[in-house]
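Examining the three-dimensional arrangement
Here are the chains, one letter per residue:
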Amino acid sequence: MTIFPSPARLLPGAPVAEAVLASVTARARALRERGTVPSLATILVGDDDASAGYIRIKQRRAAALGFRSPHVHLPADTTQQQLHDAIRALNDDPDVHGLLVQHPLPAHLDHGAALEIVAPDKDVDGMHPVNLGRLAAGLPAPTPCTPAGIEALLGHYDIPVRGRHVVVLGRGATLGRPLSILLSQKRETADAAVTVVHTGVPDWGTHTRAADILVAAAGVPGIVRPEHVRPGAVVIGGGVRYDGRRLMPDVDESCAGTAGAITPRVGGVGPTTVAMLFRNTVDAAESAAA
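The present account deals with the structure reproduced in this document. (Residues numbered from 1 in each chain as written. Predicted model: local features only at pLDDT ≥ 70, side-chain atom pairs only at ≥ 80, totals over all residues. Heavy atoms only, no water.)

1. Description of the overall build of the protein
Secondary structure summary: the protein contains 9 helices and 11 strands in total. Against the 2.2 N^0.38 benchmark of 19 Å for 290 residues, the protein shows a C-alpha radius of gyration of 19 Å, consistent with a compact globule. Counting only C-alpha atoms, the protein reaches 55 × 40 × 35 Å along its principal axes. Split into buried and exposed, the 290 residues of the protein put 49% on the buried side. Restricting the contact set of the protein to residue pairs at least 6 apart, pairs at least 24 apart contribute 74%. Surface summary for the protein: the accessible area is close to 12900 Å², and the carbon and sulfur share equals 54%. Distance between charge centres in the protein, computed from 27 positive and 28 negative side chains, equals 5 Å. (Helix = DSSP H or I, 4+ residues; strand = E, 2+ residues; numbered from the N terminus. Rg over C-alpha atoms; globule rule 2.2 N^0.38 Å. Buried < 20%, exposed > 50% of the residue type's maximum accessible area, 1.4 Å probe, protein only. Contact = heavy atoms within 4.5 Å. Areas by Shrake-Rupley, 256 points an atom, 1.4 Å probe, with all protein chains shown as cover. Lys, Arg positive; Asp, Glu negative; His and termini not counted. Charge placed at Lys NZ, Arg CZ, Asp CG, Glu CD.)

2. A look at the packing of aromatic side chains
With the rule as written, the count across this model stands at 1 aromatic pair. Both rings, one in Phe67 and one in Phe278, keep their centres 5.4 Å apart while their planes meet at 80°; by these two values the pair is edge-to-face. Taken together, the positions of Phe67 in the loop between α2 (49-65) and β3 (71-74) and Phe278 in helix α9 (residues 269-289) put the pair 211 residues apart, joining distant regions of the chain. Exposure class is identical for Phe67 and Phe278. Each is buried. (Phe/Tyr/Trp six-rings, centres within 6.5 Å; stacked < 30°, edge-to-face > 60°.)

3. Focus: the sheet that holds strand β7 (residues 213-216)
Backbone hydrogen bonds are what pair the strands of a sheet, in a parallel or an antiparallel way. Read across the sheet, 6 strands follow the order β1-β11-β8-β7-β5-β6 without closing on themselves; strand pairing throughout is parallel. Both edges of this open sheet fall to β1 (9-10) and β6 (193-197), since each of them pairs with a single strand only. Bridge analysis of β7 against strand β8 (residues 234-237) gives 4 bridges, and the strand direction is parallel. Residue pairing in the sheet places Val215 in a bridge with Ile236 of β8. Sheet contacts for helix α6 (residues 145-156): β7 and β8; angle to β8, the most-contacted strand, approximately 145°. (Pairing = 2+ DSSP bridges. Axes fitted to C-alpha atoms, helices over the stretch in contact; angles between N-to-C directions.)

4. As for the environment of Thr206
Looking at the element boundaries, Thr206 is found in helix α8 (residues 204-208). Along the chain, Thr206 and Glu227 lie 21 residues apart, while their C-alpha atoms are 9.7 Å from each other. Here Asp203 takes part through its backbone oxygen, which lies 2.7 Å from a polar atom of the side chain of Thr206. (Polar contact = N/O pair within 3.5 Å; in protein donor to acceptor, adjacent residues only side chain to side chain.)

5. What to know about the sheet that holds strand β4 (residues 98-101)
Taken together, the 3 strands give an open sheet; going across it, the order is β3-β2-β4, and neighbouring strands pair in parallel fashion. Only two strands of the sheet have a single neighbouring strand rather than two, namely β3 and β4. When strand polarity is set aside, the average angle formed by the axes of neighbouring strands in this sheet is 10°. Taken strand by strand, α2 contacts β2 (40-45), β3 and β4, and its axis lies near 170° from that of β2.

Take a look at the structure:
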């Protein structure tokens, strides 16, 4: 079944993010009129240039949306206990609605342990074990940002998901696993048959070639090539790595000649991920205000 004719239709994330953020802007304005200023707090440990850059991007976006963006910058030799203390202080601050611990942390720190200290209702990344459990149970909770952004992207471009075969290449906790749960739930923009496969499966390509919608989430640059894609399928590049500042996506650009629709090498799910971070924050602010 060919979903779109060749050549591949591009699916940029910017228009999706703009639509999401337009709603966030209106909701934030309504909150401010009632005396609540949405607030996304960030914690950075050390002086990694890329991580500091991501924080600046989030702060600029927060300012544009009318959010507060308190920031805690800890030295590289911060202990696990000091990090936990900083998280608890923001947990206890009623004016902070969302809290993000910038990843990666210095090697001596345990990001998973720090994440468990974050108050679940302020976990705007949606990665706290409580929130992942609520996602699996179909209960309201902050949704992991990249999976939520992918669902929004598919919906924005009117790509049929219900009843289709989605194959997710990758089983990571931040993307592959939560996305498989999200897209299998009974919802207009989901309700798919979802297969999760990974690079530990020797014949993983036989699974990806059966997909109506293929989501690459392996974090292995260039792993998905045209021979892994069924002609006419939708291909979403979710997994990336960086070589310095150069983005290295999972999906090789040559797949555009086989796919029916495909996210661009740069500007695919990245913008939608950031948009969902602020949507989760305004959700938390509304809950706190209520």
